[in-house]
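Residue strings, one per chain:
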Amino acid sequence: ERDKMPLWWVTGVHDELLLSSLSEHGISGFEGNPEGWQDFVSKIEAALPKKKAKLNNVLIVDDNSFNILAASTILEKFKCHIDKAFNGQECLNIMMDNALMGKYYDLVLMDIQMPVMDGPQASLMIAERIRHGELKYTPVIALTAKKSTKEDLEYYKECGIKAVIEKPLNKEELIEIIRIHVLDS
């Protein structure tokens, strides 16, 4: 599907204005004046979606501890490591700090409405860091307490959110979405 296929722009010209506008046109990443072939290939590989045989590391982002507990309880089935954050900024800090140590997340469950930084804004920033090779591809699944309109869903997709689940969480729905977006089974 087109929305799952990353598109890259390679150019010998380094024009910040041009390069920064590419994401608005569906370009997943860019390379201006590549330093070397291997560096270019590793940036592309980092941005490609990869399904996993097992769910290892999950980051749950929600400003409500009860919602984090509910999601954690459902994820117990996968015997994965779970980290938590209480807003989008904390999520980004945790992801970047862990990436420096070589730890990446297989999935981020992200609340839509939070203080400091909301879910869509954090998802945009995650996608940007993936494009720049700072993070590996990580699907973001949004959690929301309100019914999403068609416009909401389009906006979330533009922000890099792969799916939206309404709260209270439905165990079967969450597991199915994880199978679709993360696991290769």
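What you see is a predicted model, and the numbers here were worked out from it, not measured in a lab. (Residues numbered from 1 in each chain as written. Predicted model: local features only at pLDDT ≥ 70, side-chain atom pairs only at ≥ 80, totals over all residues. Heavy atoms only, no water.)

It is worth spelling out the sheet that holds strand 7 (residues 161-166) at this point. Taken together, the five strands give an open sheet; going across it, the order is 4-3-5-6-7, and neighbouring strands pair in parallel fashion. With partners counted over all chains shown, the strands left at the sheet margins are strand 4 (81-85) and strand 7, one partner each. Ignoring which end each strand starts from, the neighbouring axes of this sheet average 20 degrees apart. By the bridge criterion, five bridges tie strand 6 (residues 140-144) to strand 7 in an arrangement that is parallel. The partner of Ile141 across the bridge, within strand 7, is Ala163. Of the strands in this sheet, strand 3 (57-61), strand 4 and strand 5 (107-111) touch helix 3 (residues 65-75), which is tilted by about 160 degrees from strand 3. (Pairing = 2+ DSSP bridges. Helix = DSSP H or I, 4+ residues; strand = E, 2+ residues; numbered from the N terminus. Axes fitted to C-alpha atoms, helices over the stretch in contact; angles between N-to-C directions. Contact = heavy atoms within 4.5 Å.)

As a further point, take helix 3. Listing the buried residues of helix 3 in full gives Asn67, Ile68, Ala71, Ser72, Ile74 and Leu75. Looking straight down helix 3, one finds that the buried residues subtend no more than 160 degrees of arc, so they occupy a single side. In helix 3, the exposed positions that point more than 90 degrees away from the buried face belong to Phe66 and Leu69. Turning to helix 3, the residues buried within the fold contact strand 3, strand 4, strand 5 and helix 7 (171-181). N-cap assignment for helix 3: the residue whose side-chain oxygen lies 2.8 Å from the backbone N of Phe66 is Asn64. (Buried < 20%, exposed > 50% of the residue type's maximum accessible area, 1.4 Å probe, protein only. Arc of directions from axis to C-beta. Polar contact = N/O pair within 3.5 Å; in protein donor to acceptor, adjacent residues only side chain to side chain.)

All right, on to the nonpolar core then. In terms of nonpolar packing, the biggest core is built from 22 residues, with Leu59, Val61, Cys91, Met95, Val108, Met110 and Ile126 touching the most fellow members. Of all the secondary structure elements, the ones that give two or more residues to this core are strand 3, helix 4 (88-100), strand 5, helix 5 (119-131) and strand 6. In terms of residue count, the dominant contributor to this core is helix 4 (five residues). The next biggest cluster of nonpolar side chains, apart from the first, holds 21 residues, and it includes Phe78, Leu107, Ile178 and Leu183. (Core = buried A, V, L, I, M, F, W, Y, C linked by side-chain atoms within 4.5 Å.)

This paragraph deals with the packing of helix 4 against helix 5. Where helix 4 contacts helix 5, the two axes come as close as 9 Å, and the packing angle between them is 25 degrees. It follows from the interaxial angle that helix 4 and helix 5 lie roughly parallel. Here the hand of the crossing between helix 4 and helix 5 comes out right-handed. Contacts between helix 4 and helix 5 involve Gly88, Cys91, Leu92, Met95 and Met96 from the former and Ala122, Met125, Ile126 and Arg129 from the latter. Partitioning the contact of helix 4 with helix 5 into residue classes produces seven nonpolar, one polar and one charged. (Parallel < 35°, antiparallel > 145°, perpendicular 65-115°, else oblique. Left-handed = near helix turned anticlockwise from the far one by under 90°. Nonpolar A, V, L, I, M, F, W, Y, C, P; charged D, E, K, R; others polar.)

Turning our attention to the pairing of strand 4. For strand 3 and strand 4, the ladder comprises five bridges, and the chain directions are parallel. Note that in strand 4 the partner of Val58 across the bridge is Ile82. The β-α-β motif built from strand 3, the intervening helix 3 and the parallel element strand 4 has right-handed crossover chirality. (Right-handed = clockwise from strand over helix to strand, strands pointing away.)

Now for helix 7. Along helix 7, the residues classified as buried are Leu174, Ile175, Ile177, Ile178 and His181. Projection of helix 7 onto a plane perpendicular to its axis shows the buried side chains occupying an angular sector of 160 degrees, all on one side. The N-capping residue of helix 7, defined by a side-chain oxygen 3.0 Å from the backbone nitrogen of Glu172, is Asn170.

Let's shift gears to a positive patch on the surface. Judged by side-chain charge, Lys54, Lys77, Lys79, Lys171 and Arg179 come together as a positively charged surface patch. Summarising the element assignment, Lys77 is placed in the loop between helix 3 and strand 4. Look at Lys77 and you get partly exposed, because its relative accessible area is 45%. (Patch = residues over 30% accessible without salt bridge, like charges linked within 9 Å, V, L, I, M, F, W, Y side chains within 5 Å. Areas by Shrake-Rupley, 256 points an atom, 1.4 Å probe, with all protein chains shown as cover. Salt bridge = Lys/Arg side-chain N within 4 Å of Asp/Glu carboxyl O. Lys, Arg positive; Asp, Glu negative; His and termini not counted. Charge placed at Lys NZ, Arg CZ, Asp CG, Glu CD.)

With that settled, consider the pattern of salt bridges. Taken as a whole and judged by the stated rule, the model has five salt bridges. With a shortest N-O distance of 2.7 Å, Lys103 and Asp83 are connected by a salt bridge. Taken together, the residues span a long stretch of sequence, with Lys103 in the loop between helix 4 and strand 5 and Asp83 in strand 4 at a distance of 20 residues. Three or more residues joined by partner-sharing salt bridges are found here, namely Asp62, Asp111 and Lys167.

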